[in-house]
Amino acid sequence: MTFTVEIRDLQKHYGTFHALRGVSLEIGQGEVVCIIGPSGSGKSTLLRCINQLETPNAGIVRVNGDIIGYRLEGDELHALPDRSLAQQRSRIGMVFQQFNLFAHKTALENVMEGPVIVRRIAQSEARQRGLELLERVGLADKADSYPAQLSGGQQQRVAIARAMAMDPVLLLFDEPTSALDPELVSEVLQTMRELTKSGLTMIVVTHELGFARDVADRIVFMDQGQIVEAGDARDLLINPRHPRTQEFLAAVRSH
Amino acid sequence: MSHSTKVSHLSGSEKVTYRISGKVHYGRYFSAALIFLGLALIVRAFWVGHIRWELVGDYLFGPSIINGIINTLILTAAAMVVGIVLGLAAALMTLSQNPVLNLSARAYIMVFRSVPVLLQLLIWYNLGLVFPTIGIPGLFSVPTTDVVTPFIASLLAFGIMQGSYTSEVIRAGLLSVSRGQSEAATAIGMTRMQSLRRIIIPQAMVVIIPPIGNEVIGMVKYTSIASIIQYKDVIYSAQTIYYTNGRVIELLMVCAFWYLLVVIVLSILQRYVENYFGRHHKR
């Protein structure tokens, strides 16, 4: 069986800080995996190593069988030229905690940017598809608004549409609701729920345990740069086996 | 001139009305009067002084003056183009991970910001003293003085000097765009060049344009120095005329008028360009 995502023994150092200490994980086609854990546990670093926003110090990531950022020749890995890495990244969507919409472009232009510039799709076609995607995240009427004119929740939904516009084989969410006002969290989670129904493979770093329980096929609990425990979503939340998982869940729930 | 309004509110069951008197700004009236007085004295002094204003009017649109101001504008535009191109290159080099690029850009900025532009101008213009001919050995060779005309010497001096200043402006502009913007561009599969061109530079413009506007205005006036190496700018043209007829102040006033006009027009243009690049900031 080939996995959509295959992570092998990933290591990441920042100076003396050991952010990832040998992380391995396989994710199947259409699977939704939520990564939870305390801050500084390496969740975001892991996510950012998957599309090489951070370059891991060791270990490899395969997406749909392709090694990200490298070409395997014999038993040697050769770094890919920037253009090829960019092509690989274009099939991996990413949604950021701070939305990171292009501030000088309207909602529609944000969604069209990737298809037009990276995929070289015709403007008219990209516009058509962009409007469809904005419709899908419930923002068809905001197509001509600039990010500064949108609420955080709306910005994040545009960011999701922007990621979807590249027809990704994998979507990465880096704490997508952590920067939102509490009353705006649910609209973004609702949009993400809709996406899970379309059979997309998703990795979501989140603190929203309710969301994780409802939509995740699997939950991965990380601490100190390692995967402590992973398993069926409900199972892990109800019966965490590892004491550190129990501790974390108790702390999150007690507030 | 105090104006007053009436304010009503209910105090208990009884309705009370107060009058509000605005502040009287005595200081403003006093200072305005002082400035008017000063201006009147200056205007009077110039009116009774030895200036023949009708001559200023006569020379204002004289062909060699018009030709001079056009040459001033050509040199300004060309030097700014060179300055911005060099500035962008140097800015990208200082932000590069490559230590050789980084260091050479910083050396460039250091050298050309330190040497006075008048000195740079004279050095470029006298390049022929060091290298009588220039060319590619064995292929071709031409006398340096044929190549380094007053225009080329000025263009090199002002353009290269400007590049060293503009690089700092552009660098600050590029750094003002949050990291998340380039990460988002990278994540949708843009290359570094695409992300710079489509995402980073357009947003950096908001920060870059106001100081560049100032630098253009500064350059209009810097170019007047080129008159000392016989570049035929507006001051050179004015000097040529007053060397023969002796109407020094009148012709200098003509120059002042043209600089004032050009800078006013450029300032208005600057406002439009700033609004264009800052449009997404409006809510």
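Residues numbered from 1 in each chain as written. Chains lettered and ligands numbered in written order. Predicted model: local features only at pLDDT ≥ 70, side-chain atom pairs only at ≥ 80, totals over all residues. Heavy atoms only, no water.

Engineer: Any chance you could explain the pairing of strand β9 (residues 170-174) of chain A here in plain terms?
Structural biologist: Sheet faces and side chains relate simply in a regular strand, where the side chains alternate between the two faces. Residue and element names in this part refer to chain A. Where burial is concerned, most of β9 is hidden: five out of the five residues are buried. Neither face of β9 is exposed, since Leu170, Leu172 and Asp174 on one face and Leu171 and Phe173 on the opposite face are all buried. In this structure, strand β8 (residues 92-95) lies alongside β9, joined through four bridges in parallel fashion. The partner of valine 95 across the bridge, within β9, is phenylalanine 173. Bridge count for β9 against strand β10 (residues 202-205) is four bridges, and the pairing is parallel. From the neighbouring strand, leucine 171 faces β10, where its bridge partner is methionine 202. Regarding topology, helix α6 (residues 185-197) serves as the crossover connection from β9 to the parallel β10, and that connection is right-handed. (Buried < 20%, exposed > 50% of the residue type's maximum accessible area, 1.4 Å probe, protein only. Helix = DSSP H or I, 4+ residues; strand = E, 2+ residues; numbered from the N terminus. Pairing = 2+ DSSP bridges. Right-handed = clockwise from strand over helix to strand, strands pointing away.)

Engineer: What exactly am I supposed to notice about the sheet that holds β10 of chain A here?
Structural biologist: Across a sheet, paired strands are connected by hydrogen bonds in the backbone, their directions being either parallel or antiparallel. All names here are of chain A. An order of β8-β9-β10-β3-β11-β12 is seen for the six strands of this open sheet, with the pairing classed as mixed. Two strands close off the open sheet at either side, each with one partner strand: β8 and β12 (226-232). The sheet shows a mean angle of 15° between the axes of neighbouring strands, direction not considered. In terms of strand pairing, strand β3 (residues 32-36) meets strand β11 (residues 218-223) through four bridges, oriented parallel. Each residue of the ladder has a partner; that of cysteine 34, found in β11, is isoleucine 219. Sheet strands touched by helix α5 (residues 152-164): β8 and β9. Its angle to β8, the strand with the most contacts, is close to 175°. Contacting β3, β11 and β12, helix α9 (residues 243-254) crosses the sheet at an angle of about 100° to β11. (Axes fitted to C-alpha atoms, helices over the stretch in contact; angles between N-to-C directions. Contact = heavy atoms within 4.5 Å.)

Don't take any of this as a statement about function, it's just geometry.
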